[in-house]
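The residues making up each chain are set out below.
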Amino acid sequence: MTNAWALLDAGYSVTIISEKWASLDDRITSQIAGALWEYPPAVCGKHTDVISLRKSKKWCMTSYRVFERLQKLFPDQELPHHGIRMRMANFFFDHPVEEIPDELEKMLEIEASGIRGFKHDSTLVKQHAVNQKAGVVDSYQHLSPAIDTDAYMTWLRYILASKGAEFVTERISGDLLDQEDRLLAQYDAHAIIHATGLGGNELAGDESVYPLRGALIRVVNDGTKFPKVNEALVVAHDYAKRDDDGGIVFIVPRNDHTLILGGLAQPNMANLDLTLDSPEIRRMRERCNKFVPGLENAEYDPEAALVQGLRPFRGENVRVERELRQKSDGSSSRIIHSYGQGGAGFTLSFGCAGDVLSLLEELEAGKKPASMRSTA
């Protein structure tokens with residue numbers, strides 16, 4: 001959807017094809033996402049090389065500036081509302097940040113980046129009434145876009161429709177390369193932008209794509225059962241230090257009345273069969289309850305107490321590049337890929353969309369496709 005926005009603003013006609021759309025009755029992955037902007041490597045991020053990490057840092061800062069601008073451009077009374085809030089996000093550590101080289105480097109980059117509201121202060125632990133037995137001793141904070149995904153996805157479709165996008169409800173199966181010419185002719189298109197997340201396994205023939213199952217508990221955050229939480233609280237443990245669930249502490253206001261509790265990170269678990277009584281969900285709730293005293297009294301959101309979804313990860317990092325395989329006649333493909341963003345879809349969205357637009361302009365100019373690594 002963000003790719004479509006970038007292309008529409010550049011003057012392209014865009015048709016968006018999807019099997020499902022955002023709905024409160026049957027939420028899609030983008031609605032289930034934690035949707036707290038994080039500087040990479042994020043709490044639920046993954047990078048296997050420095051090129052991927054460098055690109056993600058550029059992408060995330062583009063998105064940060066766009067989200068910040070969108071909040072200012074569209075006041076609260078606008079309907080439908082975008083659901084974007086600039087909230088203070090607090091990241092906690094079980095050692096002083098200075099003793100964790102990777103986290104220190106990340107923190108210093110955040111401080112130098114111009115991200116608003118940055119402060120490194122170990123007393124943030126006490127200021128936020130964190131349980132002193134939680135084992136965290138240091139913290140920093142900064143303002144981050146935090147997105148009410150139900151509102152945002154509805155608003156995003158509204159914006160795209162107003163810009164002239166066409167929407168087609170359809171499922172496309174099989175490798176896109178094998179049906180590229182047919183699809184281009186069917187939709188009178190000059191290029192195909194492939195951004196299907198886990199669908200990259202089938203549609204791009206990419207066997208490195210895999211799911212990372214996640215879940216969020218939604219509770220009422222109105223200040224009656226526990227002190228209202230207005231800031232994001234995240235324990236930024238290294239992945240190797242997490243429990244068997246890949247669990248983290250992720251406590252984020254979704255909107256003015258809902259608080260989301262997470263998180264869960266289970267690789268190659270594709271079944272969406274978790275319940276509030278599932279052992280890993282009980283442990284997830286217990287982690288959050290222990291972190292902030294009073295959360296154990298929280299009441300479940302009556303509309304959706306538990307949501308779950310599959311983050312689209314990729315063994316070889318995020319892929320934003322043109323199709324490198326040639327068509328059967330030896331010519332270059334007109335497919336552009338953008339998938340594998342994992343748990344950082346919102347954080348990277350506008351940055352990746354900008355690169356997609358650049359790749360489309362290269363394609364239109366007759367340039368040959370090149371690997372992401374060769375253009376880094």
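- The name given to the protein in an unreviewed UniProt entry is FAD dependent oxidoreductase domain-containing protein, and the organism recorded there is Somion occarium.
- Per its UniProt entry, the protein bears the Sequence similarities (unreviewed entry) comment "Belongs to the DAMOX/DASOX family."
- If you open the UniProt record of the protein and go to Cofactor (unreviewed entry), you find "FAD".

### Description of the pairing of strand β12 (residues 306-314)
Then comes step 1: For β12, the buried fraction is high: nine of the nine residues fall into the buried class.
Then comes step 2: Here β12 shows two buried faces, one formed by Leu306, Gln308, Leu310, Pro312 and Arg314 and the other by Val307, Gly309, Arg311 and Phe313.
Then comes step 3: Pairing between strand β7 (residues 209-220) and β12: nine bridges, direction antiparallel. Following the sheet pairing, Pro211 is matched in β12 by Pro312.

### A word on the sheet that holds strand β6 (residues 192-194)
Then comes step 1: Taken in spatial order, the three strands of this open sheet run β6-β14-β13, and their pairing is mixed. Two strands bound the open sheet, and with one partner strand each, they are β6 and β13 (319-322). Direction aside, neighbouring strands of the sheet carry axes that sit 10° apart on average.
Then comes step 2: Note: β13 against strand β14 (residues 335-339), four bridges, orientation antiparallel. Each residue of the ladder has a partner; that of Val320, found in β14, is Ser338.
Then comes step 3: The strands touched by helix α10 (residues 345-364) are β6, β13 and β14; relative to β13, the strand with the most contacts, the crossing angle is about 10°.

### A word on the pairing of strand β1 (residues 15-18)
Then comes step 1: Residue alternation in β1 divides its side chains into a buried set, Ile16 and Ser18, and an unburied set, Thr15 and Ile17.
Then comes step 2: Pairing geometry for β1 and strand β5 (residues 166-169), over four bridges, is parallel. Looking at β5, one finds that Ile17 is bridged to Val168.

### A few points about the pattern of salt bridges
Then comes step 1: Inspection of every chain in the model, using the stated rule, returns 22 salt bridges.
Then comes step 2: Residues Glu299 and Lys225 are paired through a salt bridge, measuring 3.6 Å at the closest nitrogen-oxygen approach. Linking Glu299 in the loop between α9 (279-291) and β12 with Lys225 in the loop between β7 and β8 (232-235), this pair joins segments that are 74 residues apart in sequence.
Then comes step 3: Residue classification places Lys225 among the partly exposed positions, given a relative accessible area of 43%.
Then comes step 4: Via salt bridges that share partners, Glu19, Arg171 and Glu202 belong to a single interconnected network.

Cut-offs used in this document
Residues numbered from 1 in each chain as written. Predicted model: local features only at pLDDT ≥ 70, side-chain atom pairs only at ≥ 80, totals over all residues. Heavy atoms only, no water. UniProt positions renumbered as here; feature names shortened; annotations may be inferred. Buried < 20%, exposed > 50% of the residue type's maximum accessible area, 1.4 Å probe, protein only. Helix = DSSP H or I, 4+ residues; strand = E, 2+ residues; numbered from the N terminus. Pairing = 2+ DSSP bridges. Axes fitted to C-alpha atoms, helices over the stretch in contact; angles between N-to-C directions. Contact = heavy atoms within 4.5 Å. Salt bridge = Lys/Arg side-chain N within 4 Å of Asp/Glu carboxyl O.

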